[in-house]
Amino acid sequence: MPRTARDVVFVDGVRTPFGKAGPKGLYAETRADDLVVRAIRELMRRNPSLPPERVDEVAIAATTQTGDQGLTIGRAAAVLAGLPKSVPGYAIDRMCAGAMTAVTTTGSSIAFGAYDVAIAGGVEHMGRHPMGEGVDPNPRFLAEKLVDPSALVMGATAENLHDRFPQITKERADAYAMRSQQKAAAAYAAGKIQPDLVPTAVRSAEKGWGLATEDEPLRPDTTMEGLAGLKTPFRVAGKVTAGNSAGLNDGATACLLAAEDVARELGLTPRMRLVDFAFAGVEPEVMGVGPVPATEKLLARNALTMDDIGLIEINEAFAVQVLAFLEHFKIADDDPRVNPWGGAIAMGHPLASSGVRLMNQLSRLFEERTDVRYGLTTMCVGMGMGGTVLWENVNWEGAK
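Please read all numbers here as calculations on a predicted model, not as lab measurements.

Turning our eyes to something else, we now look at the overall build of the protein chain. Helix and strand counts for the protein chain come out as 12 helices and 12 strands. On C-alpha atoms alone, the protein chain measures out to a radius of gyration of 20 Å, which is about the 21 Å that the 2.2 N^0.38 rule sets for 400 residues. For the C-alpha atoms alone, the extent of the protein chain along its principal axes is close to 60 × 55 × 50 Å. Among the 400 residues that make up the protein chain, the fraction classed as buried is 58%. Pairs at least 24 apart in sequence give 79% of the contacts found in the protein chain among residues at least 6 apart.

Take a look at the structure:
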């Protein structure tokens, strides 16, 4: 029988606090799979009306799929989280857009009718598994000049963006980074971020057992003077620093997606509706510009312009990458629609997990902003890609 596409909703999302990667970071002695298991268990605890056996799929992303991020981590995490053995799972890799792709892939399956309910998310333990660990790039990439050598170093691609957009100065990037820290600090102070954080047990040889309850990378006292003095590790006298970039981080995210009619049948409250999504490729050496063509494709297909978009959650891999997106769409650097509660420069960017963090924040903002109908989650992706998802506010006052 022909199938009719169904409306797909984002029901709930959680994440662990994000930690700094490295031997002194929050999660130095915590397994990656335990982080994502913690998120899945919390998701199920918060939604007791959902029978565990009604979960049709668990899709978990990881960029470096080895060790405790390997073993088909979606299935491994489902079993470890105590879901019925009948619930399948799989792993996804689209580098930074892993969790975003987990959502768009399972969401598409729900729309098609293959699933009713799915869990999607991502995990990255960059302390245990640095980006590129065990990778063996084909020598043809460079021998046949398929990509510029800088394409394989994310910080170098950000410096390339500064070259392409000379009007985006280091001062503009630093100012954007400082605002991200300030907005995140204000959001924390107002209790905006904490509702979707999963308190996570941690331990270290020095301090013993503890509880992670907030993002470790936060630097609320950031100043322009402090940012100006930081080293530029990717280029002598460059513009990209640790202060205007996301750090190396550990953390996990998970969200619950469902067909809208099934969600209501099960007593689940949707937060937002999935409208459409798009991915696009760009030159790998300027991967940060990827969100531009992805967003253009998405807006054109839905007969929308940026004026129709009331909220934008864009991943802050590098300040210059965000500013290139804003520059293209003629959006001011400090437009209030963009990352109102701060972003990855402040909170961290554990690669494959970040897409769901963007969705969590957008969905919470939708609850407060019933005047806004449409919002975007968008991000650049290593190896020269961008991804954008269009969401509709289920509480939009114009629908009443």
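From this point, the narrative continues.
Along the chain, T200 turns up in strand β6 (residues 200–204). Looking at T200, its side chain comes within polar contact range of the main-chain oxygen of V198, at 2.7 Å.

For the rest of this paragraph, the subject is empty space enclosed by the protein. Throughout the structure, instances matching the rule amount to 1 cavity of 30 Å³ or more. Space inside the largest cavity adds up to approximately 80 Å³. For the lining of the largest cavity, the element with the highest residue contribution is helix α12 (residues 354–368), accounting for 4 residues. Of the residues that constitute the lining of the largest cavity, the class distribution is 3 nonpolar, 2 polar and 5 charged.

We now examine the pattern of salt bridges. Two side chains carrying opposite charge are able to pair once their charged atoms lie near each other. For the coordinates displayed, the defined rule picks out 28 salt bridges. One salt bridge in this structure joins R140 and E144, with 2.8 Å as the shortest N-O distance. When its relative accessible area of 44% is taken as the criterion, R140 is described as partly exposed. One connected set of salt bridges, linked through shared partners, spans D12, R46, D196, R271, R364 and E367.

The end-to-end C-alpha distance of helix α1 (residues 32–46), which contains 15 residues, comes to 22 Å, matching closely the 21 Å that a straight helix rising 1.5 Å per residue would cover. Within the span of α1, buried status applies to A32, D33, L35, V36, V37, A39, I40, E42, L43 and M44.

So, on to the side chain of S354. Relative to the elements of secondary structure, S354 occurs in helix α12. Excluding anything up to four places from it in sequence, S354 contacts N315, G348, H349 and M379.

Between helix α6 (residues 170–189) and helix α10 (residues 319–328), whose axes approach to 9 Å, the crossing angle comes to 100°. Judged on the interaxial angle alone, α10 and α6 are roughly perpendicular. Together, R172, A173 and Y176 of α6 and A319, V322, L323 and E327 of α10 make up the contact between the two elements.

Let us look at the layout of surface pockets. For the largest pocket, the calculated volume is near 1,000 Å³. A class-by-class count of the residues in the lining of the largest pocket yields 25 nonpolar, 10 polar and 4 charged. Within this model, the second largest pocket holds a volume of roughly 330 Å³. Every element with two or more residues in the lining of the second largest pocket is listed here: β6 and β7 (208–212). Ranked by residue count, the leading element in the lining of the second largest pocket is β7, at 4 residues. Looking at the lining of the second largest pocket residue by residue, the class counts come to 7 nonpolar, 4 polar and 6 charged.

With 84 residues, the main nonpolar core has I40, V58, I119, V123, M359 and W391 as its most contacted residues. Within the second largest apolar cluster, 41 residues are counted, among which are Y176, A177, M287 and V292.

Okay, the UniProt feature "active site" (unreviewed entry) in the protein chain next. In the numbering adopted here, UniProt assigns the feature "active site" (unreviewed entry) to C96, H349 and C380. On the basis of their most widely separated C-alpha atoms, the annotated residues across 285 residues gather in one place, lying no more than 12.0 Å apart. Here, the largest pocket is lined by C96 and H349 out of the annotated residues. In this structure, C96 sits in the loop between β4 (89–92) and α3 (98–112). Along the chain, the position of C380 falls in strand β11 (residues 374–381). For C380, a relative accessible area of 1% gives the class buried. The contact partners of C380, leaving out residues within four places of it in the chain, are C96, M287, G288, P291, A317, Q321, M385 and G386.

Despite not being glycine, A303 has its phi angle at roughly 55°, a positive value. Assignment of secondary structure puts A303 in the loop between α9 (291–301) and β10 (309–314). Although it is not a glycine, K330 sits at a positive phi angle of roughly 55°. Mapped onto the fold, K330 is located in the loop between α10 and α11 (344–347). A relative accessible area of 78% places K330 in the exposed class.

Reading the values: rules and limits
- Residues numbered from 1 in each chain as written.
- Predicted model: local features only at pLDDT ≥ 70, side-chain atom pairs only at ≥ 80, totals over all residues.
- Heavy atoms only, no water.
- Helix = DSSP H or I, 4+ residues; strand = E, 2+ residues; numbered from the N terminus.
- Rg over C-alpha atoms; globule rule 2.2 N^0.38 Å.
- Buried < 20%, exposed > 50% of the residue type's maximum accessible area, 1.4 Å probe, protein only.
- Contact = heavy atoms within 4.5 Å.
- Polar contact = N/O pair within 3.5 Å; in protein donor to acceptor, adjacent residues only side chain to side chain.
- 1 Å grid on protein atoms, 1.4 Å probe; cavity = no way out; pocket = protein on both sides within 12 Å on 5 of 7 lines; lining within 4 Å.
- Points joined across faces, edges and corners; volume = space filled by probe spheres on them.
- Nonpolar A, V, L, I, M, F, W, Y, C, P; charged D, E, K, R; others polar.
- Salt bridge = Lys/Arg side-chain N within 4 Å of Asp/Glu carboxyl O.
- Expected span 1.5 Å × (residues − 1).
- Axes fitted to C-alpha atoms, helices over the stretch in contact; angles between N-to-C directions.
- Parallel < 35°, antiparallel > 145°, perpendicular 65-115°, else oblique.
- Core = buried A, V, L, I, M, F, W, Y, C linked by side-chain atoms within 4.5 Å.
- UniProt positions renumbered as here; feature names shortened; annotations may be inferred.

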